[in-house]
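Structure at a glance
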Amino acid sequence: MTARVLDGKALAAQVKLEVAARVATLRARGVTPGLAVVLVGDDPASAVYVRSKTKDARECGIDAGDHRLPADVSQAVLQALVTRLAADPAVHGILVQLPLPKHLDPDQVIDAIPPHKDVDGLHPDNLGRLAQGRARFVACTPQGCMRLLGLAGVELAGASAVVIGRSVLVGRPAALLLTNASATVTLCHSRTHDLSEIVAAAEIVIAAVGRAELIRGAWIRPGATVIDVGINRTADGKLIGDVEYAAAAERAAAITPVPGGVGPMTRACLLENTVTAAEGEP
Ligand code: NAP
């Protein structure tokens, strides 16, 4: 079997068109959706992410601004910026690019974002709502994973799913989304015993670890759907995922490539969340 490749780039382009149409409707009513992206320090990867997020947003007609603070900024100054953005009626969505420098507490910053402007879905109110099965804003990467599962056409209800990685940003919300969709979910992490056996039993695999090719192709159940969130840079500068792609593609029914799978959909889901925020509380 050779897996169908789930083209996140093409799906994201479609989502962007839909977002642009919703933005046009809002603008006709005199509302310009506003997105504020906060970047602390000069981590090159974070700077690239922020640039691409604001560029995508502007292409859809969203008024996107980035707010840069030096790496040694104090917690108080960062909090003051977020509080100012929280009160600004022209800003509908606020995203603080993570990770923050070590001396800053991300939880305090996220708590200061009003839940109805939390387009990254990280505020405890939004994560709590997701856990209760009444989600408002859901973190963009797991939401992108769900859209890619939708593209694969896989039946989620009753399916056995494994999520590898339990971060608040990706793995945990992905497991909650799958649970809410009636999949039977196993959430794995660095302390999990017998990972290969758990993966081998799963009809759906979401890998969000950050370890190049940790998930071996031979573990994949024939006919499974594989969503690879991982982004790992090899010594020769190539990007590869958490799944051993070529071998996994021999067994899976559908698989996301890295790059070109989850990444573009993460960006597209941020645009969707932003326009939803501007349309009024969902
Ligand atoms: P993270 O916060 O570092 O979490 C990694 C998770 O993997 C943790 O739960 C950790 O377990 C688990 N883990 C580590 N080693 C393991 C092992 N040997 N076996 C099983 N589980 C293991 O990372 P993250 O923010 O979730 O990101 C994960 C990956 O996705 C990274 O490569 C990141 O770059 C990528 N990412 C991609 C996108 C995108 O748009 N494509 C967006 C976000 C992240 P413990 O909890 O026990 O430590």
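Bear in mind that the values here come from a model prediction, so they are computed numbers and not experimental data. (Residues numbered from 1 in each chain as written. Predicted model: local features only at pLDDT ≥ 70, side-chain atom pairs only at ≥ 80, totals over all residues. Heavy atoms only, no water.)

Close to the ligand lie 19 residues; Arg 166, Ser 167, Ser 190, Gly 210 and Thr 266 are nearest. Contact distances for the ligand include 2.7 Å between an oxygen atom and a side-chain N or O atom of Arg 166. Between the ligand and Ile 231 there is a distance of 3.1 Å, counted from an oxygen atom to a backbone nitrogen or oxygen. For the ligand, the accessible surface in isolation is 930 Å², of which the surrounding protein chains cover 71%. Ranked by residue count, the leading element in the shell around the ligand is helix H10 (residues 262-279), at three residues. Here the residues of the shell around the ligand are counted per class, giving eight nonpolar, nine polar and two charged. (Near = heavy atom within 4 Å. Polar contact = N/O pair within 3.5 Å; in protein donor to acceptor, adjacent residues only side chain to side chain. Areas by Shrake-Rupley, 256 points an atom, 1.4 Å probe, with all protein chains shown as cover. Helix = DSSP H or I, 4+ residues; strand = E, 2+ residues; numbered from the N terminus. Nonpolar A, V, L, I, M, F, W, Y, C, P; charged D, E, K, R; others polar.)

To continue, consider the pairing of strand S7 (residues 204-207). Burial along S7 is two-sided: Ile 204 and Ile 206 and Val 205 and Ala 207, pointing in opposite directions, are all buried. In this sheet, S7 lies alongside strand S5 (residues 160-164) in parallel orientation, the contact comprising four bridges. Bridging from a neighbouring strand, Ala 161 pairs with Ile 204 of S7. Pairing between S7 and strand S8 (residues 225-228): four bridges, direction parallel. By the bridge assignment for S8, Ile 204 is matched with Thr 225. (Buried < 20%, exposed > 50% of the residue type's maximum accessible area, 1.4 Å probe, protein only. Pairing = 2+ DSSP bridges.)

The subject of this paragraph is the nonpolar core. Formed by 51 residues in total, the largest nonpolar core has its most connected members in Val 19, Leu 35, Leu 149, Leu 178, Ile 206, Ile 227 and Met 265. At the level of secondary structure, the elements contributing two or more residues to this core comprise helix H1 (8-28), strand S2 (34-40), helix H2 (44-59), helix H6 (140-152), S5, helix H7 (171-180), S7 and H10. Each residue touching Ile 206, except ones within four places of it in the same chain, is listed here: Cys 145, Leu 149, Val 162, Val 163, Ile 164, Ala 174, Leu 178, Ile 227 and Val 229. In this structure, Ala 3, Val 199, Val 205 and Ala 207 belong to the second largest nonpolar core, which totals 18 residues. (Core = buried A, V, L, I, M, F, W, Y, C linked by side-chain atoms within 4.5 Å. Contact = heavy atoms within 4.5 Å.)

Bringing the pattern of salt bridges into the picture now. Side chains bearing opposite charge may pair, as long as their charged atoms lie close to each other. For the structure shown, the criterion picks out nine salt bridges. For Glu 59, the salt bridge goes to Lys 55, with nearest N and O atoms at 3.2 Å. Note that Glu 59 and Lys 55 are positioned in helix H2 at a spacing of four residues, about one turn of the helix. Across the pair Asp 56 and Arg 267 runs a salt bridge, and its minimum N-O distance is 2.8 Å. Taken together, the residues Asp 56 in helix H2 and Arg 267 in helix H10 connect sequence positions 211 residues apart. On the basis of relative accessibility, which here comes to 31%, the residue Arg 267 falls in the partly exposed class. In the salt-bridge network here, residues are joined through shared partners; they are Lys 16, Lys 55, Asp 56, Glu 59 and Arg 267. (Salt bridge = Lys/Arg side-chain N within 4 Å of Asp/Glu carboxyl O.)

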